[in-house]
Amino acid sequence: MVTGEMFITPIQPGVFGQPLGSVQRISGQEGVSAFRGIFDEIINNVKTTENNLVNKQYLLATGQIEDAHSVPIAGAQAQLAVDTLVNLRNRALESYNEIMRVNL
């Protein structure tokens, strides 16, 4: 083993896969569009995972699926997508309420 080499890539802080140094601050209408885009992406992810789960359940019920283990995996993915959306909504509401408490 060669010293100094890492086989595991350390987690880099950032926003949605972007390194922390590459995140740019945005404001105004551009910020609204970016914020809306994040929510739209997560909502579409929830819809996609729910549709995938329903499809897998249908295939299992009709005997057309060969790997029955994909149904619980699809269920877990759908649940994770919903949990992510709910947590993001809660964080956004907490942030909004905190901003409203600030005295200007």
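Notes on the structure in this doc start here.

Criteria and thresholds
- Residues numbered from 1 in each chain as written.
- Predicted model: local features only at pLDDT ≥ 70, side-chain atom pairs only at ≥ 80, totals over all residues.
- Heavy atoms only, no water.
- Phe/Tyr/Trp six-rings, centres within 6.5 Å; stacked < 30°, edge-to-face > 60°.
- Helix = DSSP H or I, 4+ residues; strand = E, 2+ residues; numbered from the N terminus.
- Buried < 20%, exposed > 50% of the residue type's maximum accessible area, 1.4 Å probe, protein only.
- Contact = heavy atoms within 4.5 Å.
- Expected span 1.5 Å × (residues − 1).

**Examining the packing of aromatic side chains**
Counted under the stated rule, the structure contains one aromatic pair. Consider the rings of Phe35 and Phe39, whose centres lie 5.1 Å apart with planes at 70 degrees: the pair is edge-to-face. Taken together, the residues span about one helical turn, with Phe35 and Phe39 both in helix 1 (residues 28-61) at a distance of four residues. Judged by its relative accessible area of 48%, Phe35 is partly exposed. Phe39 gets classed as buried once you look at its relative accessible area, which sits at 18%.

**A look at the side chain of Ser70**
For Ser70, the location among the structural elements is in helix 2 (residues 70-101). Given the relative accessible area of 9%, Ser70 is considered buried. Residues within four places of Ser70 in sequence aside, it is in contact with Lys56 and Ile65.

**Considerations on helix 2**
The terminal C-alpha atoms of helix 2, which comprises 32 residues, lie 47 Å apart, in line with the 46 Å expected from a rise of 1.5 Å per residue. Taken as a whole, helix 2 has its buried residues at Ser70, Val71, Ala74, Ala78 and Ala81. Elements that come into contact with the buried residues of helix 2 comprise helix 1.

**With respect to the environment of Ala92**
With respect to the helices and strands, Ala92 occurs in helix 2. For Ala92, a relative accessible area of 24% translates into the label partly exposed. Between the C-alpha atom of Ala92 and that of Phe35, which follows or precedes it by 57 residues, the distance is 10.0 Å. Among residues more than four places away in sequence, those in contact with Ala92 are Phe35 and Phe39.

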